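Topology and contacts: notes
Chain residues, written in single-letter form:
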Amino acid sequence: MPRPFIVGNWKMHKTLSEARDLAITVRDGLSTSSDIDVALAPPFTVIGSLHEVLKGSSVSLAAQTMHEAAKGAFTGEISPLMLKDVGCTYVILGHSERRHIFGETDQAVMKKARAALDHALIPILCVGETLQERETSRTFDVVDRQTEHALRHVTPEEASRSVLAYEPVWAIGTGRTASPEQAQEVHTFLRKAVARSHGDSVARVIRILYGGSVKPDNAASLIAEPDVDGALVGGACLDAPSFLAIVAACRP
Ligand code: PGA
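Residues numbered from 1 in each chain as written. Predicted model: local features only at pLDDT ≥ 70, side-chain atom pairs only at ≥ 80, totals over all residues. Heavy atoms only, no water.

**Concerning unusual backbone geometry**
Here is the rule we go by: Helix and strand assignments come from DSSP, with helices taken as H or I runs of at least 4 residues and strands as E runs of at least 2, each series counted from the N terminus.
Residues other than glycine seldom take positive phi values, yet K11 does so here, at roughly 50°. Relative to the elements of secondary structure, K11 occurs in the loop between strand 1 (5-9) and helix 1 (16-29). A positive phi angle, near 90°, is found at K14, a position not held by glycine. Relative to the assigned elements, K14 resides in the loop between strand 1 and helix 1.

The following block contains the structure:
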């Protein structure tokens, strides 16, 4: 069984002083026991500062997206080299807001996953269907296609260190969570897809997180499902007590 992993995706929230306060409260609120992994994904502007705050703690840093090139004339973009340099361990790729608002394609996620690993960043690869896709029975086709692209140029050893996040688009920021059974159904499907593409041993250890309106009161029932290895938390991670309650609910 992979260790549980809880990631807080801050999205476009928190000024520098707010970010430091939240990170310090989360850091100090976590016991030092190493039975669960926790990462925070704040905006780019505060990552360097939070690296100082979190240094030596059990909390890792993640970025919310990146460009695939190490450097170059890409105004407004941030490279994997830069993320590594300011202390990121992980990078979220292919979040549905990146796909649906900013037009990020499966091909782009494929390139970014490769680039992240080339720079020793662990990708958190997001997949998930829209409401319309679910209602027209295309959930499995969509997540299969997204996962296949994301992992296409990733070796089995790299895949075993990577993270998948199933985030049904209809559950993100809507307060409408997938039921534990709905999450488990897709997570099992994803694990089987990884087994086919990268082998059984990779499928057993790759961490598959659930995301979409995870809250303190539903986290335990989601993580209780055998193929749900953790959570990617949006709204509920912006408040330290609620994020800490989710982490506590997910402890093995
Ligand atoms: P939410 O966001 O928890 O606010 O639904 C989850 C996410 O977008 O990762």
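**Remarks on empty space enclosed by the protein**
Operational definition: The method works on a 1 Å grid over the protein atoms by themselves. A cavity is a set of points holding a 1.4 Å probe that cannot get out, a pocket is an open set with protein on both sides within 12 Å along at least five of seven lines, and residues with an atom within 4 Å of a point line them. Grid points are joined across faces, edges and corners, and a volume is the space filled by probe spheres set on the points. For this classification, the nonpolar set comprises Ala, Val, Leu, Ile, Met, Phe, Trp, Tyr, Cys and Pro, the charged set comprises Asp, Glu, Lys and Arg, and every other residue, Gly included, is treated as polar.
Scanning the entire structure with this criterion turns up 3 cavities of 30 Å³ or more. If you add up the space inside the largest cavity, you get close to 50 Å³. Forming the boundary of the largest cavity are G94, S96, R99, H100, C126, V127, G128, Q146, E167 and V169. Of all the secondary-structure elements, those providing two or more residues to the lining of the largest cavity are helix 4 (96-102) and strand 5 (122-127). In terms of residues, the lining of the largest cavity owes the most to one element, helix 4, which gives 3 residues. Residue classes in the lining of the largest cavity are distributed as 3 nonpolar, 5 polar and 2 charged.

**A word on the pairing of strand 1**
What counts is decided by this rule: Accessibility here uses a 1.4 Å probe with only protein chains present; expressed as a share of the type maximum, an area under 20% marks a residue as buried, one over 50% as exposed, and anything in between as partly exposed. Pairing between strands is defined by DSSP: at least two bridges between them are needed.
For strand 1, the buried fraction is high: 5 of the 5 residues fall into the buried class. Sheet topology places strand 1 next to strand 2 (residues 37-41); 5 bridges connect them, and they run parallel. Note on strand 2: the bridge partner recorded for I6 is V38. Pairing of strand 1 with strand 8 (residues 230-233), which is carried by 4 bridges, proceeds in the parallel orientation.

**Observations regarding the sheet that holds strand 1**
Adjacent strands of a sheet form backbone hydrogen bonds with each other and so pair up, either parallel or antiparallel. Put simply, the rule reads: Lines fitted to C-alpha atoms define the axes here, with helix axes fitted over just the stretch in contact, and angles between the N-to-C directions of these axes take values from 0 to 180 degrees.
What the 8 strands build is a closed barrel, ordered 1-2-3-4-5-6-7-8; its pairing is parallel. Neighbour to neighbour, the strand axes of the sheet diverge by 25° on average, direction disregarded. Direction of pairing for strand 3 (residues 59-63) relative to strand 4 (residues 90-93): parallel, over a ladder of 2 bridges. Paired with A63 across the strands is V91, a residue of strand 4.

**A look at the environment of E158**
Along the chain, the position of E158 falls in helix 8 (residues 156-161). With a relative accessible area of 11%, E158 lands in the buried category. Counting along the chain gives 27 residues from E158 to L131, while the straight-line C-alpha distance between them is 31 Å.

**Side note on helix 1**
Put simply, the rule is: Given a helix with a known number of residues, its expected span is that number minus one, times 1.5 Å. Regarding the arc, it is the one traced by the directions from the helix axis to the C-beta atoms. Residue contacts are defined here by distance: any two heavy atoms, one from each residue, within 4.5 Å place the two residues in contact.
The terminal C-alpha atoms of helix 1 lie 20 Å apart, and with 14 residues this matches the ideal 20 Å at 1.5 Å per residue to within 8%. Three or more residues of helix 1 are buried, namely A19, L22, A23 and V26. For helix 1, the angular spread of buried residues about the axis comes to 95°, placing them on one side. For helix 1, the exposed residues set more than 90 degrees away from the buried face come down to D21 and D28. On its buried side, helix 1 packs onto strand 2, helix 2 (44-54) and helix 12 (240-250).

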